Amino acid sequence: MNRLAKRPPKSSPPAALATLLLALACMQLSARAGEPRPSFAFFLAPCPGVIDGPPRDPVLSQWEAILESRDLSEDAPGAQGWSISIAADGVEVVAGTTRGTLAAGEWEDPPGLRVEAGFHVIDLARPDRGIRDCEGLGGIVSGVVLSLISEVTLPPTGAQTVLRFTVEAVPPATLGQTAPASLAIADSCTGRGGPVNNIVTWRGESFVPELDRCDFTVLADERSFRRGDASDDGEVDIADAVGILGCKFLGESCPVCRDAADVSDDGQLDITDAIALLGFLFLGGPPPAPPGPTDCGLDPTPDAIPRCLAESCD
């Protein structure tokens, strides 16, 4: 009797590898079969109703593009990468960056999530200067992959800022006149290659996100005030600090021009403004933020406090 048992032929390495990869892919698909399908949305902030400034004097405002992830569990991976296209009508996008966002490099300050083996590009569209366009409009495009070789993702839940950009608006020539303007996340802008579509990638799969649009007006307006003159009597003195404290803690009426009471120009009206004003008046502290306590002027910082025209500056 022949003691040599007949053995099956050995699989060649490529065939064995293909079989293994197919088995792993099937297991992965099976594991994901019960998972909910995620959805994503791009939106713009802060989307003000009005951007105002002196006639024909360019006004800069800071904006953010935010990516929101939906329908993902907290232990699932988030978005791996995305491309975003923003068209500007009536205003111009003059700068863009990922610094200060989770799309920044992990070596930057503050650090983001993108590794050196990732991908990152930002392009401005300025058709009036012959530099690409968004179907005749200006705008900005950005593309990010957090890592090309490993699973680096955004958090799976919540909204994350992925792009910061600066918008320049030029108010009309006549006081009180307005002009319409808008920013729209739309599949239209052309980068260094071709037209950029708004796409989010998750686990290697492409998703079309919900898109946002912001319509606003650009107003020619002289809204000036003295920083620190909370009482609007034309002088900055101890009465203004007392008035700020009375507004915050004693239930007394608050300044009509809240920008004047925002001594530090941080977009908030609180006790630190009164302390800063007292420090300036009696302890040699720094003066109130621009336009300062002496001359009437405009607020150089976009914030949530409505711009005002002080009666003493009218």
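Preceding this section is the structure that the text describes.
What this report covers is the structure whose coordinates are included nearby.

Rules of the game
- Residues numbered from 1 in each chain as written.
- Predicted model: local features only at pLDDT ≥ 70, side-chain atom pairs only at ≥ 80, totals over all residues.
- Heavy atoms only, no water.
- Helix = DSSP H or I, 4+ residues; strand = E, 2+ residues; numbered from the N terminus.
- Buried < 20%, exposed > 50% of the residue type's maximum accessible area, 1.4 Å probe, protein only.
- Contact = heavy atoms within 4.5 Å.
- Areas by Shrake-Rupley, 256 points an atom, 1.4 Å probe, with all protein chains shown as cover.
- Axes fitted to C-alpha atoms, helices over the stretch in contact; angles between N-to-C directions.
- Parallel < 35°, antiparallel > 145°, perpendicular 65-115°, else oblique.
- Left-handed = near helix turned anticlockwise from the far one by under 90°.
- Salt bridge = Lys/Arg side-chain N within 4 Å of Asp/Glu carboxyl O.
- Disulfide = S-S within 2.5 Å.
- Expected span 1.5 Å × (residues − 1).
- Polar contact = N/O pair within 3.5 Å; in protein donor to acceptor, adjacent residues only side chain to side chain.

Re the overall build of the chain
If you tally the helices and strands in the chain, you get 4 helices and 12 strands. By residue count, 40% of the 314 residues in the chain fall in the buried class. Taking all contacts inside the chain whose residues are at least 6 apart in sequence as the whole, residues at least 24 apart take part in 76%. For the chain, the exposed area adds up to about 16900 Å²; of that, 56% sits on carbon and sulfur atoms.

Observations concerning the packing of helix α2 (residues 238-249) against helix α4 (residues 271-282)
Relative to each other, α2 and α4 sit at 165°, their axes nearing to 9 Å. As far as their axial angle goes, α4 and α2 are roughly antiparallel. For the pair α2 and α4, the sense of crossing is left-handed. Only Ile271, Asp273, Ala274, Leu277, Leu278, Leu281 and Phe282 of α4 make contact with α2, whose side of the interface consists of Ile238, Asp240, Ala241, Ile244, Leu245 and Phe249.

Details of the pattern of salt bridges
Under the criterion given, the structure shown has 10 salt bridges. Linking glutamate 205 and arginine 37 is a salt bridge whose minimum nitrogen-to-oxygen distance equals 2.8 Å. A residue pair is termed long-range when its members are at least 10 positions apart, and glutamate 205 in strand β11 (residues 205-207) and arginine 37 in the loop between α1 (13-32) and β1 (39-45) qualify at 168 residues. The salt bridge involving glutamate 210 is made with arginine 70; its shortest N-O contact spans 3.0 Å. With glutamate 210 in the loop between β11 and β12 (213-220) and arginine 70 in strand β3 (residues 59-70), the pair connects residues that are 140 residues apart, well separated along the chain. Using a relative accessible area of 28% as the deciding quantity, one classes arginine 70 as partly exposed. Salt bridges sharing partners connect three or more residues here, namely Arg227, Asp259, Asp265 and Asp299.

Topic: the state of the cysteines
What the rule picks out here adds up to 4 disulfides. Note on cysteine connectivity: cysteine 47 is disulfide-linked to cysteine 214, with sulfurs 2.1 Å apart. The sign of the S-S torsion, about 100°, decides the handedness of the disulfide formed by cysteine 47 and cysteine 214: right-handed. A residue pair is termed long-range when its members are at least 10 positions apart, and cysteine 47 in the loop between β1 and β2 (50-53) and cysteine 214 in strand β12 qualify at 167 residues. Since its relative accessible area comes to 33%, cysteine 47 is described here as partly exposed. On the accessibility criterion, cysteine 214 (1% relative accessible area) is buried. Residue pairing for cysteine 247: its cysteine sulfur links by disulfide to cysteine 254, the two sulfurs lying 1.9 Å apart.

Structural notes on α2
The end-to-end C-alpha distance of α2, which contains 12 residues, comes to 17 Å, matching closely the 16 Å that a straight helix rising 1.5 Å per residue would cover. What α2 keeps buried is the set Asp240, Ala241, Ile244, Gly246 and Cys247. Taken together, the buried residues of α2 touch α3 (258-261) and α4. Of the residues that open α2, the one with a side-chain oxygen 3.1 Å from the backbone nitrogen of alanine 239 is aspartate 237.

Remember, this is a structural readout, not a statement about activity or role.
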